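Fold and geometry: a report
Spelled out, the chains give:
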Amino acid sequence: MLDQSHAEKIFEKIKKYSSVEDVEVIFSSTDHALTRFANNTIHQNVSEVNEVASIRVAVDGKTARATTNRFDDEGLKRAVQSAESIARVQEPDPELLPLAGRDDAKGAAAPSRWFDHTAAITPADRAAGVGKIVAVAKKNKLVTAGIFSSSQSAEAIVNSKGLSTYHRQTSAEVSITMLADNSSGWQKANSPDVNNIGPVRLAEIAAQKARDSAGPKEIPPGKYTVILEPAAVLDLVGFMFWDFGGLAILDQRSFLNNRIGTKLFGENITIIDDVNHPLQSNAPFDGEGVHRQRVTLVEKGVVRNLVYARGTAERMRKSEYKDKVGEVRTTGHGFPLPNEMGEAPTNIVFMTPGAEQTVEQMIAGTERGILITRLWYIREVDPYEKILTGMTRDGTFLVEGGKVKHGLLNFRFNQSLIEMLNSVEVMGKAVRASGEEAFDMVVPAMKISGFNFTEVTKF
């Protein structure tokens, strides 16, 4: 695994091979392994180890990047020459800033996200975990499929202005689908600490969902009170956070245009971006090595702030929007340059207002509604009103009289995220959640009124 001193030594070589003064290198080192299972048996085990140097040069207002996974002299030389050749044929960018400096990387230390016992996971360990999942499936007369993966990774950014920053972390992930004749159940979890995963507990929940939703019945589409488990919440709200970047406002492609400072969501919705939150993960710096800062995005329903890369913050200060977007400051959320997306918050945390309820309590307090495990095949219909369409999956249930009555045939929905986040009646405790349509977040389960289902599926 690449360490910071090794990255700095390689950078010194790269610098010698460059004919330009401004050089930045992003180093990434990954050791990822995955065990895949289906039909109650392991059918694939793969492992990949890779180290990459992504070299960016800047000269005369032009910048370009070239990447190599060869760290020998010839490989590094060729990558540097490629970056310089590409840069020289670019059009100058008058808004291109100098490289970030040493001070830009300073900030509060993030919690350690490296766990030796996660890094030490072997194929035999993953196989043993899968064996326990399969045992749960067989006990319940079900068929299971999914993955158990583990990884360790490191990232460093070093540049010719003296900036040098480094992060390493471990990760484990389990995804389980339990299948019956006409029903299914699903669970997924990801964490830097494998001890937080609990494959057997996930398997038992997925199996119960598959059992309880057997023989699903049909009810008509319409607007219902829904109880969304955290994975379902995550996969919906994930569609709006790319719009919280400053460049999205400047490009007029954000649903927040003309809405910052207004009360857009319900009073109970407060959202922050905080890389140092104990349930979060990933590097505490952005694609230029700038330290990530905590940002309040939404406060009691009011959209307060955006996130910014260095260059976007500078552009925003000179734009017609500068007095309409909250505080404009570099927040350390930029993607590696050059890019067309600018920045986005990627360490989302929903702050619950107190009086949280468990999913079981939400069910008990619901006279008639629908419990949703997760959603899939989600697509955006209206980018400004943030209307999404998609389908329920792997555990959809009718709730009546405060109890889960039976499984339901799945629905297609058409739902505005803005309306949804104005209709949240109750929230659970915010947890680290994993889905399939968005990155991991810290989100609660939510009980929401008036969720709009438009069709019933045939499964």
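The paragraphs below set out a description of the structure included in this document. (Residues numbered from 1 in each chain as written. Predicted model: local features only at pLDDT ≥ 70, side-chain atom pairs only at ≥ 80, totals over all residues. Heavy atoms only, no water.)

**Examining the pairing of strand β9 (residues 295-299)**
Here is the rule we go by: At least two DSSP bridges between two strands are needed for those strands to be called paired. Secondary structure is summarised from DSSP: a helix means a run of H or I of at least four residues, a strand means a run of E of at least two, and numbering begins at the N terminus for each.
Bridging between strand β8 (residues 270-273) and β9 involves three bridges; their strand directions are antiparallel. Bridge assignment links Asp273 to a residue of β9, and that residue is Val295. Here β9 pairs with strand β10 (residues 302-303) via two bridges, running antiparallel. Residue pairing across strands places Glu299 opposite Val302, the latter belonging to β10. Where β9 folds back onto β10 in an antiparallel hairpin, the turn is made up of two residues, including Lys300, whose phi is positive at roughly 50°.

**Some remarks on helix α5 (residues 199-212)**
Let me state the cut-off plainly: Take the number of residues in a helix, subtract one, and multiply by 1.5 Å to get its expected span. Three labels apply to residues, based on accessible area from a 1.4 Å probe with only protein chains included: buried if under 20% of the type maximum, exposed if over 50%, partly exposed otherwise in between. The arc in question is the one traced by the directions running from the helix axis out to the C-beta atoms. In this analysis, two residues are considered to be in contact whenever any of their non-hydrogen atoms come within 4.5 Å of each other.
With 14 residues, α5 should reach 20 Å at 1.5 Å per residue; the first-to-last C-alpha distance of 20 Å fits that figure. What α5 keeps buried is the set Leu202, Ala203, Ala206, Ala207, Lys209 and Ala210. Taken around the axis of α5, the buried residues stretch over an arc of 160°, which confines them to a single face. Where α5 is buried, its residues touch α4 (123-139), β5 (164-179), β6 (184-191), β12 (368-382) and β13 (387-400).

**Notes on the nonpolar core**
Counted only if it meets this: Grouping buried Ala, Val, Leu, Ile, Met, Phe, Trp, Tyr and Cys residues that are joined through side-chain atoms within 4.5 Å yields what is termed a nonpolar core.
Among the nonpolar cores identified, the biggest contains 62 residues, and Leu236, Val237, Met240, Phe241 and Phe265 are the most heavily contacted of them. Of all hydrophobic cores here, the second largest spans 23 residues; its members include Phe11, Val20, Val25 and Ala53.

**Structural notes on the sheet that holds strand β3 (residues 62-68)**
To keep things clear, this is the line we draw: Interaxial angle, 0 to 180 degrees, is taken between N-to-C directions of lines fitted to C-alpha atoms, where a helix line uses only the stretch in contact.
If you trace the six strands from one edge of the open sheet to the other, you get β3-β2-β1-β4-β5-β6, paired in antiparallel fashion. Here the strands that pair on one side only, and so sit at the sheet edges, are β3 and β6. Across the sheet, the mean angle separating the axes of adjacent strands is 15° when strand polarity is ignored. Pairing geometry for strand β1 (residues 22-38) and strand β4 (residues 143-159), over 14 bridges, is antiparallel. Within β4, the residue paired with Ser29 across the bridge is Ala154.

**A closer look at the pairing of β12**
Where strand β7 (residues 222-228) and β12 come together, three bridges link them in parallel fashion. Across the sheet, the residue bridging to Val226 is Ile370, located in β12. Across eleven bridges, the pairing between β12 and β13 is antiparallel. By the bridge assignment for β13, Trp376 is matched with Met391. Joining the antiparallel neighbours β12 and β13 is a turn of four residues, in which Lys386 adopts a positive phi near 55°.

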